[in-house]
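In case you want the letters, here they are:
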Amino acid sequence: MYEPIRTKSVHAMADPGDFPHRSREEELDIQLASHLAALLAVTDELRALAPTADLDDAAEQLSSEVARLRGGLPPARSAVVTAIHEPHLTALHQRAHALAGRALVVAASRADTAAAILAARRMDAHESAARLVGAL
């Protein structure tokens with residue numbers, strides 16, 4: 001009554017040898033480097049609006065961590081930084097706090113102590129800075 005199916009199902013999985021795979025560690029490295037690079041971009045924006053020695057140190061540490069995770073390649077940074085997002089300092093500190101939180105989660109799952117400590121410190125710094133700027 002039914003005719004047998006003569007072609008392969010469109011729902012079948014592709015052959016595993018058809019495309020390159022990355023390990024879980026490589027994927028986490030890429031994610032962590034991306035979060036830290038985004039945090040570096042917001043840190044550079046904050047440095048352009050309200051420069052401090054703490055932000056300068058944080059930018060250098062973030063840059064070295066991103067370079068370490070990318071196999072020595074330094075992150076792309078603009079020589080002339082302008083506030084791309086809203087120039088409100090509280091909003092930038094809140095955004096930086098959220099990015100540092102994402103980096104902390106990935107660093108913890110990757111068991112990268114150095115990146116986790118850096119992300120936690122940046123979270124604390126941006127939380128207190130957002131409160132301080134918001135109170136002004």
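Keep in mind the model is a prediction, meaning the values are calculated, not measured.

Undergrad: Before we go on, may I ask you to explain the nonpolar core in this structure?
TA: The tendency in soluble globular proteins is for nonpolar side chains to be buried as a group. Core analysis: the largest hydrophobic core is formed by 26 residues, its most contacted members being Leu-32, Leu-36, Leu-39, Val-42 and Leu-62. Going through the elements one at a time, helix 1 (24–49), helix 2 (53–69), helix 3 (89–110) and helix 4 (113–135) are the ones with two or more residues in this core. No other element matches the nine residues that helix 1 contributes to this core. Apart from residues lying up to four places away in sequence, Leu-36 is in contact with Leu-62, Glu-65, Val-66, Leu-69 and Ala-103.

Undergrad: Can you help me understand the packing of helix 1 against helix 3 in this one?
TA: Helix-helix packing is characterised by the crossing angle of the two axes and by the distance between the axes. Contact geometry for helix 1 and helix 3: axes closest at 9 Å, N-to-C directions at 160°. In terms of orientation, helix 1 and helix 3 fall into the roughly antiparallel class. Considering only the axes of helix 1 and helix 3, their crossing is left-handed. The class makeup of the residues in the contact of helix 1 with helix 3 is 16 nonpolar, four polar and six charged.

Undergrad: Help me out: how do you make sense of the side chain of His-93 in this one?
TA: Here His-93 is to be found in helix 3. Every residue in contact with His-93, bar those within four places of it in the chain, is listed here: Leu-46, His-126, Ala-129, Ala-130 and Val-133.

Undergrad: Is there a simple way to explain the packing of helix 1 against helix 2 in this structure?
TA: At a minimum axis distance of 9 Å, the contact between helix 1 and helix 2 shows a crossing angle of 155°. In this view, helix 1 runs roughly antiparallel relative to helix 2, as classed from their interaxial angle. Judged by the twist between their axes, the crossing of helix 1 over helix 2 is left-handed. Residue-level contacts link Asp-29, Leu-32, Ala-33, Leu-36, Ala-37, Leu-39, Leu-40, Thr-43, Asp-44, Leu-46 and Arg-47 of helix 1 to Leu-55, Asp-56, Ala-58, Ala-59, Leu-62, Ser-63, Glu-65, Val-66 and Leu-69 of helix 2. Here the residues of the contact of helix 1 with helix 2 are counted per class, giving 13 nonpolar, two polar and five charged.

Undergrad: Just to check I follow, could you spell out the environment of Arg-22 for this structure?
TA: With respect to the helices, strands and loops of the structure, Arg-22 is situated in the segment before helix 1. With a relative accessible area of 53%, Arg-22 lands in the exposed category. Not counting residues up to four positions away in its chain, the partners in contact with Arg-22 are Glu-27 and Ile-30. Polar contacts involving the side chain of Arg-22 include one to the side chain of Glu-27, which spans 2.9 Å.

Undergrad: Can you help me understand the environment of Arg-110 in this one?
TA: Tracing the chain through its elements places Arg-110 in helix 3. The residues touching Arg-110, leaving out its near neighbours within four places in the chain, are Leu-28, Asp-29, Leu-32, Arg-68 and Leu-69.

What counts as what
Residues numbered from 1 in each chain as written. Predicted model: local features only at pLDDT ≥ 70, side-chain atom pairs only at ≥ 80, totals over all residues. Heavy atoms only, no water. Core = buried A, V, L, I, M, F, W, Y, C linked by side-chain atoms within 4.5 Å. Buried < 20%, exposed > 50% of the residue type's maximum accessible area, 1.4 Å probe, protein only. Helix = DSSP H or I, 4+ residues; strand = E, 2+ residues; numbered from the N terminus. Contact = heavy atoms within 4.5 Å. Axes fitted to C-alpha atoms, helices over the stretch in contact; angles between N-to-C directions. Parallel < 35°, antiparallel > 145°, perpendicular 65-115°, else oblique. Left-handed = near helix turned anticlockwise from the far one by under 90°. Nonpolar A, V, L, I, M, F, W, Y, C, P; charged D, E, K, R; others polar. Polar contact = N/O pair within 3.5 Å; in protein donor to acceptor, adjacent residues only side chain to side chain.

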